[in-house]
Amino acid sequence: MSLPLMFEKPLGMIDTLPALYERTGEVRRDIECEVKSWGYRPIQTPSLEYYDTVGEASAILDQQLFKLMDREGQTLVLRPDMTAPIARVVSSSMQDEPLPIRLSYCSSLFRAQQREGGRRSEFEQFGVELVGDSTINGDAEVIALLQSSLRASGLSNFRLAVGHIGFMNALFAEIVADEAIANELKRYLYEKNYVGYRQYVERLDLTTSDKTRLNRVHQLRGSIEVLNRAKEIAHTREAHEAIAEIEALWKVLETIGVSEYMQVDLNLVMHIDYYTGVVFEGYGGSLGFPLASGGRYDELLGKFGRPASATGFGIRLDRLIEAVNHLEGERKANPVLVLFCKEQQQEAMREAHRRRKQGEAVVLQNIAGIPDVDAYIKRYSEVVSFLDTGSRREKEDE
Ligand SMILES: N[C@@H](Cc1c[nH]c[nH+]1)C(=O)O
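Please read all numbers here as calculations on a predicted model, not as lab measurements.

A. View of the UniProt feature "binding site: L-histidine" (unreviewed entry) in the protein chain. In the numbering used here, UniProt assigns the feature "binding site: L-histidine" (unreviewed entry) to Asp81, Met82, Thr83, Arg111, Gln125, Glu129, Tyr274 and Tyr275. With respect to the element layout, Arg111 can be found in the loop between strand S5 (101-110) and strand S6 (122-131). Looking at where Glu129 falls in the secondary structure, it is placed in strand S6. For Glu129, a relative accessible area of 1% puts it in the buried group.

B. Local environment of the side chain of Glu281. Topologically, Glu281 is positioned in strand S10 (residues 278-284). Owing to a relative accessible area of 6%, Glu281 belongs among the buried residues under this scheme. A polar contact of 3.4 Å, which involves the side chain of Glu281, links it to the side chain of Lys192. A polar side-chain atom of Glu281 sits 2.6 Å from a polar atom in the side chain of Tyr283. With sequence-adjacent residues up to four places away left out, Glu281 is seen in contact with Arg159, Leu160, Ala161, Lys192, Leu268, Met270, Pro290, Ala292 and Ser293.

C. How the structure looks around the nonpolar core. Counting 68 residues, the largest nonpolar core has Ile143, Phe167, Phe172, Tyr197, Leu214 and Leu320 as the members making the most contacts within it. Apart from the residues within four sequence positions on either side, Phe172 is in contact with Ala177, Ala182, Leu185, Lys186, Leu189, Tyr197 and Leu214. Listed in part, the 34 residues of the second largest apolar core include Ile60, Val90, Leu300 and Leu301.

D. Broad picture of the site of the ligand. Residues in close proximity to the ligand total 16 residues, the closest being Asp81, Thr83, Arg111, Glu129 and Tyr275. For the ligand, a nitrogen atom lies 2.8 Å from a polar atom in the side chain of Thr83. A distance of 2.8 Å is found between a nitrogen atom of the ligand and a side-chain nitrogen or oxygen belonging to Glu129. Protein contacts shield 98% of the accessible area of the ligand, which totals 300 Å² for the unbound molecule. Put simply, the parts of the chain that give the shell around the ligand at least two residues each are S6, strand S11 (292-296) and strand S12 (310-316). For the shell around the ligand, a count of residues per class yields 6 nonpolar, 7 polar and 3 charged.

E. Summary view of the pairing of S5. For S5, the buried fraction is high: 7 of the 10 residues fall into the buried class. Pairing geometry for strand S1 (residues 41-42) and S5, over 2 bridges, is parallel. Counterpart to Arg41 in the pairing with S5 is Leu103. Across 10 bridges, the pairing between S5 and S6 is antiparallel.

What counts as what
- Residues numbered from 1 in each chain as written.
- Predicted model: local features only at pLDDT ≥ 70, side-chain atom pairs only at ≥ 80, totals over all residues.
- Heavy atoms only, no water.
- UniProt positions renumbered as here; feature names shortened; annotations may be inferred.
- Helix = DSSP H or I, 4+ residues; strand = E, 2+ residues; numbered from the N terminus.
- Buried < 20%, exposed > 50% of the residue type's maximum accessible area, 1.4 Å probe, protein only.
- Polar contact = N/O pair within 3.5 Å; in protein donor to acceptor, adjacent residues only side chain to side chain.
- Contact = heavy atoms within 4.5 Å.
- Core = buried A, V, L, I, M, F, W, Y, C linked by side-chain atoms within 4.5 Å.
- Near = heavy atom within 4 Å.
- Areas by Shrake-Rupley, 256 points an atom, 1.4 Å probe, with all protein chains shown as cover.
- Nonpolar A, V, L, I, M, F, W, Y, C, P; charged D, E, K, R; others polar.
- Pairing = 2+ DSSP bridges.

So, in structure tokens, the structure goes:
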């Protein structure tokens, strides 16, 4: 049944009803608290940015941008990402702060969807950026922080996959040496369309052994041992440097005790193309798509005039909540209902106040304002009534 026009919303826009809104707030606060304890300071930036600066730097497909025009005729975009706005701030208002700088955010992002299919065009992302630390400990820190943030949100069943943009780039440059073809191969990997990838490889004008090497990238997923296979497939210095970085990262993750949730995935290709090094994705529960992703982007800050290495992650709160709820069901009890008639308003207010002070959520409602009492009270965990009419009380007092 199609809805009348007045109830329709633009593609990918959704309403958040009270239960989900409340749950999102709880998860957001749990993660905020965790991230703050690691020394990350929260920051907010505007929803609108210039297309020519932040819009471009966000490195997202042009057709995914929501564009509009300001009064001077400048093209603006609704921010599709927070990493580029933060690079702008670190290079301008915070330019005198010494590096490394640790920042966090929780913001709505906007990415236009081309077709129906339940994909959101606006979603809330919680993220961190560690700017100015080029060491492998920087990569390890954000991965460890992603893990502890997911755990703080109540998600216990998750896995993180780590790859390296430099490895795939080096492998494709070595074998196909054609940027358009390399981009097409990356697109298949990004979409996780492995059948399409194989069919595309089959059609390429390459030797059988090179086709086999391209197809073997699917074997580069699993425990740290897959790095040995990767060394056999790719032969250039760049590829081997990328592998060495993952090995070094793994050692640090083992030392700090967070490697148990990790997996290597050298097929990882991101849809944002500012990444330059270690990249990762987080999966949780039975969700078929990543709920978090991030990685190193050492060239982005330079575009804003303050060259610096950087790494960070973003968690999609909507997906995280889906994963947590799947696993743990509804946690939160409904509020208590304190019902009153006008003669007992005072007593009811006192009871509501007392319970609220103890941390309970209480709805205080005059029974005369409810059209269907039986239907209404079903939503509450407990109903406390103050419905003695004055006449009855007078009788009792006699
Ligand atoms: N901005 C990235 C996540 C990220 C933060 N820092 C690095 N990467 C995204 O929206 O997917």
